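The residues making up each chain are set out below.
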Amino acid sequence: MDDMHFSLIKVAGYRGRHFALKMNPPGQNTIFIMDGNTGKTTTIELLRWCFHYPESQAANKFTHMWVVPAHVLDDTKKGPQTCEITVQFTAIDDEGKEHFYQFKRITEGESDPNNKPTSDKIAKISDTLEIDHGKDAKHGDEAHEYLKHAFRFNECVDYFCFDGEKARDIMQLSSNSEKIGDLIFLVNQRATHPRIEEYKQKLNGLRNRVLEEAGAKVSSQALAINIGKLKARIGDLRALEKERDQLKQDFTTHSLALKTFEDRYKELQEKITTAKAQELVERTKYEIQIQGKTNEVMEKRRLIYALNSQWIGTNTNSINWIKAQVKEKGKLPEPYRQDLIQNCLASGCCEICGRALDRASEERIKGLERQVAPHEVHEFLSYDLKERQPAFDPEKERREIKRLIEECNRLENKMKSIKLSEEDAQLISEKEFVEQEINTIKGKIINLQRDVKEREEWIKDLKEEVEKLQNQNTTLKEYKIILDKIDESIDIIVDAGEKIKSKTIDIISGVISEGVQSILGRRFSAKLSPTEGLMLGEDGFFGRERGGYSGRLILSYCFAEAMTLVDPIIVDTPSGNIGSQRANLAQHLVENHRQILLMCLPTEIADFGPIISKKPIPIANKEC
Amino acid sequence: MFRIKGNIQVPDALEEIIDSIPPFDEKSAHTEPLVYVGSFKQKIDPVLLCTLFGLYKSQELPPTDKEEVALFSKYHDFNVEIGGFADMVNHFLFCLWVKKNGTPDKCADIMKYREELYAFIKKLLDPDYYRTVLIPFYLAKANEQEIGTSSFIHRLAGSDEVKMEIAKDSSPEFLACEFASAQNEFINNCIIPLGGDQGETYSKKQ
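Residues numbered from 1 in each chain as written. Chains lettered and ligands numbered in written order. Predicted model: local features only at pLDDT ≥ 70, side-chain atom pairs only at ≥ 80, totals over all residues.

Asks: When you look at the overall build of chain B in this model, what are you seeing that I'm missing?
Replies: The number of helices and strands found in chain B is eight helices and two strands. For chain B, the succession of helices and strands along the chain, N to C, is β-α-α-β-α-α-α-α-α-α. Intrachain contacts of chain B at a sequence separation of at least 6 include 76% that bridge at least 24 residues. (Helix = DSSP H or I, 4+ residues; strand = E, 2+ residues; numbered from the N terminus. Contact = placed C-beta atoms within 7 Å.)

Asks: Just to check I follow, could you spell out the environment of Val98 of chain B for this structure?
Replies: Position of Val98 of chain B among the secondary structure elements: in helix 3 (residues 83-101). Along the sequence, Val98 of chain B and Ile191 of chain B sit 93 residues apart, while their C-alpha atoms lie 9.4 Å from each other. Among all residues touching Val98 of chain B, those that are not within four sequence positions of it are Ile322 and Val326 of chain A together with Thr103 and Leu194 of chain B.

Asks: Even after reading the chapter, I still don't get the packing of helix 4 (residues 164-175) of chain A against helix 16 (residues 548-563) of chain A, so can you show me in this structure?
Replies: The description of two packed helices rests on the angle between their axes and on the distance between the axes. Residues and elements named next belong to chain A. The geometry of helix 4 relative to helix 16 is characterised by a closest axis approach of 9 Å and an angle of 100° between their N-to-C directions. With respect to helix 16, the axis of helix 4 lies roughly perpendicular. Contacts from Lys166, Ala167, Ile170, Met171 and Ser174 in helix 4 reach Arg552, Leu553, Leu555, Ser556, Tyr557, Phe559 and Ala560 in helix 16. Of the residues that constitute the contact of helix 4 with helix 16, the class distribution is eight nonpolar, two polar and two charged. (Axes fitted to C-alpha atoms, helices over the stretch in contact; angles between N-to-C directions. Parallel < 35°, antiparallel > 145°, perpendicular 65-115°, else oblique. Nonpolar A, V, L, I, M, F, W, Y, C, P; charged D, E, K, R; others polar.)

Asks: Mind showing me how you'd approach the nonpolar core here?
Replies: Nonpolar side chains in soluble globular proteins tend to end up buried together. Membership of the largest hydrophobic core comes to 80 residues, with the highest contact counts inside it found for Val516, Ala526, Ile554, Cys558, Phe559 and Leu598 of chain A. Discounting residues that sit within four places of it in the chain, Leu598 of chain A has contacts with Ile31, Phe32, Val571, Pro574 and Ile612 of chain A. In this structure, Ala373 of chain A together with Ile4, Ile135 and Ile153 of chain B belong to the second largest nonpolar core, which totals 67 residues. (Core = buried A, V, L, I, M, F, W, Y, C linked by C-beta atoms within 7 Å. Buried ≥ 20, exposed ≤ 12 C-beta atoms within 10 Å, placed from the backbone.)

Asks: Which parts of the structure should I look at to understand the sheet that holds strand 14 (residues 617-618) of chain A?
Replies: Sheet strands pair by backbone hydrogen bonding; their relative direction is either parallel or antiparallel. Residue and element names in this part refer to chain A. Read across the sheet, five strands follow the order 8-12-13-3-14 without closing on themselves; strand pairing throughout is parallel. Two strands in the sheet have a free side with no partner beyond their single neighbour: strand 8 (161-162) and strand 14. Pairing between strand 3 (residues 30-33) and strand 13 (residues 596-600): four bridges, direction parallel. In the strand pairing of strand 13, Thr30 is matched with Leu597. Across the sheet, helix 1 (residues 40-52) lies against strand 8, strand 12 (569-572) and strand 13, angled at about 140° from strand 12, the strand it touches most. (Pairing = 2+ DSSP bridges.)

Asks: Can you help me understand the interface of chain B and chain A in this one?
Replies: As a measure of interface size, the accessible area lost when the parts come together is often cited. Listed per partner, the contact involves 47 residues of chain B and 44 residues of chain A. For the side of chain B that touches chain A, the secondary structure elements donating two or more residues are helix 2 (44-58), helix 3, helix 4 (110-124), helix 7 (172-195) and helix 8 (201-205) of chain B. The element that contributes the greatest number of residues to the side of chain B that touches chain A is helix 7 of chain B, accounting for 12 residues. Across the side of chain B that touches chain A, the residue classes break down as 29 nonpolar, nine polar and nine charged.

Asks: So what exactly am I meant to see when it comes to the sheet that holds strand 1 (residues 2-12) of chain A here?
Replies: All names here are of chain A. Taking strand neighbours across the sheet as the criterion, the six strands line up as 2-1-4-5-6-7 in an open arrangement whose pairing is antiparallel. At either margin of the open sheet sits one strand with a lone partner, and together these are strand 2 (18-22) and strand 7 (136-139). Here the average twist between neighbouring strands, direction ignored, is 15°. Of the strand pairs in this sheet, strand 1 and strand 4 (residues 80-92) are connected by eight bridges, and their pairing is antiparallel. Across the sheet, residue Ile9 finds its bridge partner in strand 4, namely Val87. Along the sheet face, helix 1 touches strand 1, strand 4 and strand 5 (98-111) and points at about 115° away from the line of strand 1. Sheet strands in contact with helix 2 (residues 141-151) are strand 5, strand 6 (120-131) and strand 7, and its direction is about 50° off that of strand 6.

Asks: Looking at this model, I keep getting lost on the pairing of strand 1 of chain A. Mind explaining?
Replies: On a regular strand, each side chain points to the face opposite its neighbour's, so the side chains alternate between the two faces of the sheet. Residue and element names in this part refer to chain A. Of the strand pairs in this sheet, strand 1 and strand 2 are connected by five bridges, and their pairing is antiparallel. Bridge assignment links Ile9 to a residue of strand 2, and that residue is Leu21. What sits between strand 1 and strand 2 in their antiparallel hairpin is a turn of five residues, with Gly13 showing a positive phi close to 105°.

Asks: Which parts of the structure should I look at to understand the confidence of the model for chain A?
Replies: Low-confidence regions, as indicated by low pLDDT, have predicted coordinates that should not be scrutinised in detail. Per-residue confidence for chain A gives a mean pLDDT of 85; residues scoring 70 or more make up 96%. Per-element confidence in chain A is highest for strand 5 of chain A, whose mean pLDDT is 96, and lowest for helix 5 (residues 180-191) of chain A, whose mean pLDDT is 75. (pLDDT = per-residue confidence, 0-100.)

Asks: I tried to follow helix 5 of chain A on my own but got confused; where do I start?
Replies: Quick reminder: α-helices carry 3.6 residues per turn. Residues three or four places apart thus point the same way. Residue and element names in this part refer to chain A. Taking 1.5 Å per residue as the helical rise, helix 5 with its 12 residues ought to reach 16 Å, and the 16 Å between its terminal C-alpha atoms agrees with that figure. Those residues of helix 5 lying buried are Leu183, Ile184 and Val187. Taken down its axis, helix 5 places every buried residue within 95° of arc, on the same side. Close packing links the buried residues of helix 5 with helix 4, helix 15 (477-520), strand 9 (524-529) and strand 10 (533-538). (Expected span 1.5 Å × (residues − 1). Arc of directions from axis to C-beta.)

Okay, structure coming up:
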């Protein structure tokens, strides 16, 4: 699909917003003048919510300015309510035919301040995608699937719907050397070529056909069974590899989500600890104390298992006394040389004096043999067990843990008796929610790690089995060259996928650098690399601190432009902190996009708006 | 040197515990284990602990007429030195054997007594016997459900679920106390009656 053009975004009821953003016709950009707190951010976030989450997964997934999850219904309205967002756009297919699309998400529910984690009590979410004015329609998750495949909105909505929040996220990723991995993960997601998987599947299909053909030529039943088995095993192997790759991807996604939640947790924790409200300060004080006690209990419990060898003790003296008694009362002989006895019996001569053994001597030696224990048995009986007393007193530890838990419960009761303001309570509730999420994700990560390891082992076993089956089957020999070539091609494709990723990073790096140069001037450039992340360059010197706030904001813009997969760009408060580069940024946007939709504050039009559109449209939040 | 090398049969719950312990060489990478059972230093540790608990609890001798016992369907592969542990267990088992077979002066046939004692000790000194018979035998004992609660091994596996609670019979502190109590009972039943409390006496004899 090409030449995409958004014509309408209409919001009715979500978070109390009511307005319609009607865009200028194709070939023209549009600027909407919207004052503070009139729905700019909500519009961007609603688009992200709609295009990220299918109908069945959308409940409690709306986020608003780092509040996760945030309410999406109108929290000022009592009783049942229905909210609606409509997005209309056109696009041209490969045959040059224009199509019209209308996406609509309707949410029914009620706002209840006592409901957690948000005040939303959502009864129903319904998605509809109407194509070509009613010629076709997709409902529910199918609507999302269609948009995902035809436009890849789910992959790039964060970038073509751009705002200060996203810019700050990118700035944080590019400024923090510890977050290079997260940034490159985003780029790799963008760089994954969907065709690669398709080619791999085709090659696997080809392999099946080769095996079928080989099977058809086989007259022996045993060989036919072998080929059938081989085919089944190869199928298992491919399925397992796919499963493993999916698990690996899930692992990376969860690790990333964990980092995001941990960052958010730190932020919330900081907000709470630096709060001025006396109640919150006191609550925080108790919370810190409780956390301290909890950590102490956990550490003690871990130590109990870590020191498990010290649980074991015994009455060493008694044992040694028993050993001595058994030796003494049983008159256990001192160790004999077993080899000497056996040699005597074997040779028929005394190994000490050399005389030949008569019958009586032989019988005596045989009797001796029955008394003989192997050397290590004698050794066991002869030494004293070393003193071993348990260095660990479990009763003492138990009493100490009990004391700490009781102390903790007392502090918790005190903490619960503190009445918090609504705002502070929300902060605490969010922190608890984030904490819970962190624990859940950590659990999932452990399971995923284990599952990946398990799959790797199965794959190894299956590969060995496949190879064995291939070698066993003589009929397959004539097809072996083809099968080997198929394997080789699959390896090449996988390798190519990795190379494409690396090349894409280079291309994205080049695009970002050109964007930066066109806005900030020839002295500036940018560099994106898997090892160093995203950096701004000035006179050929690159660094994470170069360019100041406005420079890095522009770097974020250019990163988003390079990452998006659709042409139109929808921006909330586009030039708020850009400073003297406003005109350059406007010029850059005009030159690089067929459609620009800006939601501007009345104060940010000067030196910027007229370059994009001569007729800004004022928008007010009005309930129809 | 007493090295366990090869597969050991383990109950399902114990396998879960073993899996959650990071390999010894990766321990440094895990600054803080996520769970309590992950704090065991080596994967073999909970196996040995449960083996010992099984011995304490059952106060039974392991079968010596078998090369292998089939008790569990899960296996875990080990290659680890357990010399110190085996030495102590062997002494416990020696005392238990003496308790069940008496001291030599009670035996009419001293030769037979010696033969049986030697054969028993010889078994105990064989790492393969430990791996295929002794450890699974006592693990099965530690895996037996107890009155009013689940088995020691199950509770050990469940100790990760314990929150800030006191009266929980699967908490690490409770299990350590239960282990200590079983240990004392074993010593009081199987060692002290044979040798008296030799804390003082035997030292003086020496």
